[in-house]
Amino acid sequence: MTAEEPFISLRNVRKVYRSKGAEFLAVSDVTMDVSEGELVSLVGPSGCGKTTVLKILAGLHEADGGTVRIGNARTPFDPARDIGMVFQQALLLKWRTILDNVLLPAEIVGLPIKAARDRARDLLNLVGLAGYEDKYPQQLSGGMQQRTSIARAFIHDPKLILMDEPFGALDALTREQMNLEMLRIWRESGKTIIFVTHSIQEAVFLASHCAVLTSGPARMAEYFPIELAFPRGLAIKTTDEFGAYARRIYASLGLGAGD
């Protein structure tokens, strides 16, 4: 392998679920390469298999066909240590403080606690929650809880962050704010992020590359770069360039917005 190889490589990935003698094809054909440090959005309709692809990347499911490779000669990959996950719900432990919630993965993998605590404070500062270390989840808004879950995903310094519709449960204005925060955190951290969403605007706004999945069973309709300059502000959503990318995704999904 060479340093130029992609960090993530999926080739003709297929997934079949089996239950009580029946089979359900969830993913039929997904192929993509992801370079280190990219933010790739997986966009498609609800139930199309986006989360299944994420679970395959996380090692929670095995593919039934095709190949999955994560890591290369320059960046070896250990699935037990090198994955951080953020879900649609923050899933914070209500009896632990915000700082202790962020520390949980570090405790699980056995990192030195003093260094981990210092890193947790730095991460809370990164996500805009400095001063909230001793609060409890129920004392924070939904957006603040989700920022805590993002900090928690970063605590053990993983090489890959997997995010499954992390802002889907937030109101529209909070979601816009979290999109801005997500871009800032990604740019400052340099992490590789796979971001699942069913929002076409969110997919275009956040991503360096966009993967469009069709209705289930998931098939890769398109995979292309989003060549909008960084940093990106919300006003970019009103530009012709942004609209062209959105129309391209609509057309790939057969929604008639490609004209």
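Here goes a summary of the coordinates provided. In this text, all values refer to a predicted model and were calculated from it rather than measured experimentally. (Residues numbered from 1 in each chain as written. Predicted model: local features only at pLDDT ≥ 70, side-chain atom pairs only at ≥ 80, totals over all residues. Heavy atoms only, no water.)

**Remarks on the overall build of the protein**
Spelled out, the test is: A run of H or I in DSSP counts as a helix once it spans at least four residues, and a run of E counts as a strand once it spans at least two, with each numbered from the N terminus. Between the two quantities, the radius of gyration covers C-alpha atoms and the globule rule is 2.2 Å times the number of residues to the power 0.38. The classification of residues rests on relative accessible area computed with a 1.4 Å probe and restricted to protein chains. Under 20% of the type maximum is buried, over 50% is exposed, and intermediate values are partly exposed. Here, two residues are considered to be in contact whenever any of their heavy atoms come within 4.5 Å of each other. Every accessible area reported is derived by Shrake-Rupley at a probe size of 1.4 Å, with residue values counting cover from the shown protein chains alone. Neither His nor the chain termini are counted; the positive set is Lys and Arg, and the negative set is Asp and Glu. The atoms used to mark charge sites are NZ of Lys, CZ of Arg, CG of Asp and CD of Glu.
Helices and strands together make up the secondary structure of the protein, namely seven helices and nine strands. Taken against the 2.2 N^0.38 rule, which gives 18 Å for 259 residues, the C-alpha radius of gyration of the protein at 18 Å falls within 12% of a compact globule. Taken over the C-alpha atoms alone, the protein extends approximately 50 × 45 × 45 Å along its principal axes. In the protein, which comprises 259 residues, the proportion classed as buried is 49%. The long-range fraction of contacts in the protein, counting pairs at least 24 apart against all pairs at least 6 apart in sequence, stands at 71%. Summed over its atoms, the accessible surface of the protein is roughly 12000 Å², and 51% of this surface lies on carbon and sulfur atoms. Taking the average place of the 29 positive charges on the side chains of the protein and the average place of its 30 negative ones, the gap between the two points comes to 4 Å.

**Points about the sheet that holds strand 5 (residues 83-86)**
For clarity, the cut-off: Strands qualify as paired when DSSP identifies two bridges or more between them. Interaxial angles span 0 to 180 degrees and are taken between N-to-C directions of axes, which are lines fitted to C-alpha atoms, for helices over the stretch in contact.
Pairing is mixed in the open sheet, where nine strands are placed in the order 4-1-2-9-8-3-7-6-5. Edge strands, defined here as strands with exactly one partner in the open sheet, are strand 4 (65-70) and strand 5. When strand polarity is set aside, the average angle formed by the axes of neighbouring strands in this sheet is 20 degrees. Inspection of the sheet shows strand 1 (residues 8-19) paired to strand 2 (residues 22-34) by nine bridges, in the antiparallel sense. Residue pairing in the sheet places V13 in a bridge with V30 of strand 2. Of the strands in this sheet, strand 3 (39-43), strand 6 (160-164) and strand 7 (192-197) touch helix 5 (residues 172-189), which is tilted by about 160 degrees from strand 7. Relative to strand 9 (residues 218-225), helix 7 (residues 240-252) is tilted by about 160 degrees, and along the sheet it contacts strand 3, strand 8 (209-213) and strand 9.

**Thoughts on the side chain of E181**
Counted only if it meets this: In the analysis that follows, any N or O atom pair within 3.5 Å is treated as a polar contact, provided that within protein one partner can donate a hydrogen and the other can accept it, and provided that, for residues neighboring in sequence, both atoms belong to side chains.
Within the fold, E181 resides in helix 5. The class of E181 is buried, set by a relative accessible area of 17%. Side-chain polar atoms of E181 contact the side chain of R184, separated by 2.7 Å. With near-sequence residues (within four places) excluded, E181 lies in contact with V127 and R147.

**Concerning the environment of S46**
Structurally, S46 is set in the loop between strand 3 and helix 1 (50-58). We classify S46 as exposed; its relative accessible area is 63%. In this structure, the C-alpha to C-alpha distance between S46 and H198, residues 152 residues apart in sequence, is 6.4 Å.

**Regarding unusual backbone geometry**
A cis amide bond links F230 to the next residue, P231, at an omega of -5 degrees. Mapped onto the fold, P231 is located in the loop between strand 9 and helix 7. You will see that K20, though not glycine, has its phi angle at about 55 degrees, which is positive. Residue class for K20 comes out exposed when judged on its relative accessible area of 87%.

**Examining the packing of aromatic side chains**
Just so we agree on the cut-off: Side-chain rings of Phe, Tyr and Trp, where Trp is taken by its six-membered ring, are said to pair if the distance between their centres is within 6.5 Å; with planes under 30 degrees apart they count as stacked, over 60 as edge-to-face, and otherwise as tilted. Placement of a charge over a ring requires the Lys NZ or Arg CZ to be within 6 Å of the ring centre, with the centre-to-atom vector within 35 degrees of the ring normal.
With the rule as written, the count across this model stands at four aromatic pairs. When the ring of F7 is compared with that of F77, the centres are 5.9 Å apart and the planes differ by 80 degrees; the resulting orientation is edge-to-face. On the criterion of sequence distance, the pair formed by F7 in the segment before strand 1 and F77 in the loop between strand 4 and strand 5 is long-range, its members being 70 residues apart. Like F7, the residue F77 is buried in the burial classification. Judged by centre distance (6.2 Å) and plane angle (5 degrees), the rings of F224 and Y245 are stacked. Placement of F224 in strand 9 and of Y245 in helix 7 is noted, with a sequence separation of 21 residues between them. Across the pair, Y245 and F224 agree in class, each one buried. In this arrangement the basic side chain of K237 is found over the ring face of F205, its NZ or CZ atom lying 5.1 Å from the centre. Over the ring of F224 we find R248, and its NZ or CZ is 3.9 Å from the ring centre.

**Looking at helix 1**
Of all nine residues that make up helix 1, seven are buried, and the element is covered over most of its length. Within the span of helix 1, buried status applies to K50, T52, V53, L54, I56, L57 and A58. Remark: G59 follows helix 1 within two positions and exhibits a positive phi of approximately 80 degrees.

**A word on the nonpolar core**
Note the cut-off: Buried Ala, Val, Leu, Ile, Met, Phe, Trp, Tyr and Cys residues form a nonpolar core when they are joined through side-chain atoms within 4.5 Å.
In terms of nonpolar packing, the biggest core is built from 51 residues, with I150 and M182 touching the most fellow members. Residues contacting M182, with those up to four places away along its chain left out, are I150, M163, F167, I193, F195 and L206. Core analysis: the second largest hydrophobic core is formed by 28 residues, A26, F77, V196 and A211 among them.

By themselves, these figures tell us nothing about what the structure is for.
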